[in-house]
Amino acid sequence: MKILQIKGYGDIKSNLSFSEIEKPTISDNQVLIEVYAASINPIDYKIVEGALKQMRKLTFPAPIGFDVSGVVIKKGNNVNHLNVGDEIYSRVPSDSPGTFSEFIAINADVVCLKPSNLDFIESSSLPLVGLTTIQSFNKANLKSGDKVLIHAGSGGIGTFAIQYAKSKGAYVYTTTSTKNVNWVKELGADRVIDYKTENYLDIVKDVNIVFDTLGGNYTEDAFKVIKDCGKVISIAGAIDDESAKELGLNGLIRFFLRLKSKKITKQANSKSAYYKFILMTPNGNQLNDIKSLVEAEKVKPIIDKTFPFSETIDALVYQKSGRAKGKIVVKMK
């Protein structure tokens, strides 16, 4: 079967190539999926570039890709909630063989029937962004009436997060560029801030939650806009000590991470605020929650562009460009 693999750390085009390998076999707790679509996420190209070596080093050739939709063609003896022929979607674990492949073996507990009102391309766009959003807002204890700032509202996570927060009754601020303002408003955001003409720090005040998708100065500045005892949930900022322990990082690495996040810790303490770095984990039950939201038409997938399997490397380069409005998907079949 054909699969895209990482050959080494560095430039995207130079360190990815297609290979032919044997079709995977499955254990009693797995299903074999014929892949119909797989979506691109920023974490994909960051892994190739070596940005996540601190958390998990690769052995080359290494797989790539986490989001998938397809059809079950074989199931293990212990799998009861899925059947051969089922149309599914999943965010696969980090140790899985990669979704940019014609077939993939996945532990059944992270696999869910895809939303009945979506096709394979649309379904494959949802797992990572949906699970990241749900797990972030669960950690923040999002509730109706909360005021929330979501950065990068036109991105893959931003487009889902806006819809999800509105479905929970929150008031949503978001940031985007001039050309995307009206489009992002249509997703339901209450106040869309054009970062090319407006400074969100002058507009956003006393929010309950900041969902930081950008990192850097945006993480530090989050504490300027949250209320006392507010919550900053980040998927791009410094790794806090609690998260470092959850990731199983050793004591020396955690020590350096504490030094790196010292400024954020100080700012959080000044507001009696809660700061948490989130690294999403696969979860079949939460995928079922996303399925319900989609079928109830409370959330819809936002697709920017679709590439054929043969152009997956170009799709990753396009993802890195930052021009996408919503998700980029690779069509396998």
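How each quantity is defined
- Residues numbered from 1 in each chain as written.
- Predicted model: local features only at pLDDT ≥ 70, side-chain atom pairs only at ≥ 80, totals over all residues.
- Heavy atoms only, no water.
- Helix = DSSP H or I, 4+ residues; strand = E, 2+ residues; numbered from the N terminus.
- Rg over C-alpha atoms; globule rule 2.2 N^0.38 Å.
- Buried < 20%, exposed > 50% of the residue type's maximum accessible area, 1.4 Å probe, protein only.
- Contact = heavy atoms within 4.5 Å.
- Areas by Shrake-Rupley, 256 points an atom, 1.4 Å probe, with all protein chains shown as cover.
- Lys, Arg positive; Asp, Glu negative; His and termini not counted.
- Charge placed at Lys NZ, Arg CZ, Asp CG, Glu CD.
- Core = buried A, V, L, I, M, F, W, Y, C linked by side-chain atoms within 4.5 Å.
- Pairing = 2+ DSSP bridges.
- Axes fitted to C-alpha atoms, helices over the stretch in contact; angles between N-to-C directions.
- Patch = residues over 30% accessible without salt bridge, like charges linked within 9 Å, V, L, I, M, F, W, Y side chains within 5 Å.
- Salt bridge = Lys/Arg side-chain N within 4 Å of Asp/Glu carboxyl O.
- Parallel < 35°, antiparallel > 145°, perpendicular 65-115°, else oblique.
- Nonpolar A, V, L, I, M, F, W, Y, C, P; charged D, E, K, R; others polar.
- Phe/Tyr/Trp six-rings, centres within 6.5 Å; stacked < 30°, edge-to-face > 60°.
- Lys NZ or Arg CZ within 6 Å of the ring centre and 35° of its normal.
- Polar contact = N/O pair within 3.5 Å; in protein donor to acceptor, adjacent residues only side chain to side chain.

## Remarks on the overall build of the chain
Counting its secondary structure elements, the chain contains twelve helices and 16 strands. Over its C-alpha atoms the chain spans a radius of gyration of 20 Å, differing by no more than 12% from the 20 Å that the globule rule assigns to 333 residues. Each of the three principal axes of the chain carries a C-alpha extent, and together these read 55 × 45 × 35 Å. Every one of the 333 residues in the chain was classed for burial, and the buried ones make up 54%. Put simply, of all contacts in the chain between residues at least 6 apart along the chain, 69% involve residues at least 24 apart. Carbon and sulfur atoms make up 46% of the accessible area of the chain, which amounts to about 14,700 Å² in all. Side-chain charges of the chain comprise 44 positive and 36 negative groups, with the mean position of each set lying 5 Å from the other.

## Describing unusual backbone geometry
Residue Phe60 is joined to Pro61 through a cis peptide bond whose omega torsion reads 0°. Mapped onto the secondary structure, Pro61 falls in the loop between α1 (42-49) and β4 (62-63). Even without being a glycine, Asp206 presents a positive backbone phi close to 55°. In this fold, Asp206 is placed in the loop between α6 (200-203) and β12 (207-212). One non-glycine residue, Glu297, lies in positive phi territory at about 60°. Structurally, the position occupied by Glu297 is in the loop between α11 (284-295) and β15 (303-308). Residue Glu297 is classed as exposed on the basis of its relative accessible area of 70%.

## A few points about the nonpolar core
One recurring pattern in soluble globular proteins is that nonpolar side chains are buried together. In this structure, Leu16, Phe137, Ile150 and Ile290 are the most contacted members of the largest nonpolar core, which totals 76 residues. Looking at which element gives the most residues to this core, the answer is helix α4 (residues 156-167), with six residues. The contact partners of Phe137, leaving out residues within four places of it in the chain, are Leu142, Val148, Ile150, Ala161, Tyr164, Ala165, Ile209 and Phe211. Of all hydrophobic cores here, the second largest spans 23 residues; its members include Val225, Val232, Ile264 and Ala273.

## What to know about the sheet that holds β4
The strands making up a sheet associate through hydrogen bonds between their backbones, and the pairing can be parallel or antiparallel. Taken in spatial order, the three strands of this open sheet run β2-β1-β4, and their pairing is antiparallel. The outermost strands of the open sheet, each flanked by one partner alone, are β2 (16-20) and β4. Examined bridge by bridge, strand β1 (residues 2-6) and β4 share two bridges and lie antiparallel to one another. Within the sheet, the bridge partner assigned to Gln5 lies in β4 and is Pro63. Sitting on the sheet, helix α12 (residues 312-321) touches β1 and β2, and the angle it makes with β2 is about 150°.

## Thoughts on a positive patch on the surface
Among the surface-exposed residues, Lys179, Lys196, Lys305 and Arg323 lie close enough to one another that they form a single positively charged patch. Using a relative accessible area of 39% as the deciding quantity, one classes Lys305 as partly exposed.

## Describing the packing of helix α7 (residues 217-225) against helix α10 (residues 262-270)
When two helices pack together, their arrangement is given by the angle between their axes and by how far apart the axes lie. Across the interface, α7 lies against α10 with an axial gap of 9 Å and an inter-helix angle of 10°. Relative to α10, the element α7 lies roughly parallel. Contacts from Thr219, Glu220 and Phe223 in α7 reach Lys263, Ile264, Gln267 and Ala268 in α10. When the residues that make up the contact of α7 with α10 are grouped by side-chain class, the tally is three nonpolar, two polar and two charged.

## Here's the deal with the packing of aromatic side chains
Overall, the coordinates contain ten aromatic pairs when judged by the stated rule. Consider the rings of Tyr9 and Phe60, whose centres lie 5.0 Å apart with planes at 80°: the pair is edge-to-face. Of this pair, Tyr9 sits in the loop between β1 and β2 while Phe60 sits in the loop between α1 and β4, and the two are 51 residues apart along the sequence. Overall, the relative accessible area of 26% leaves Tyr9 in the partly exposed class. One aromatic cluster in this structure is built from Phe137, Phe160, Tyr164 and Phe211. Geometry around Phe18 places Lys2 over its ring, the cationic atom sitting 4.6 Å from the centre. Lying over the aromatic face of Tyr318, Lys305 brings its terminal NZ or CZ to 5.0 Å of the ring centre.

## What to know about the side chain of Ser39
Here Ser39 lies in strand β3 (residues 30-40). Classification of Ser39 by relative accessible area gives buried; the value is 0%. Within the local environment of Ser39, its side chain forms a polar contact with the backbone oxygen of Ser124, the two atoms lying 2.8 Å apart. Among the polar contacts made by the side chain of Ser39, one reaches the side chain of Lys327 at a distance of 2.9 Å. Apart from the residues within four sequence positions on either side, Ser39 is in contact with Asp44, Asp67, Phe100, Ser124, Ser125, Lys327, Ile328 and Val329.

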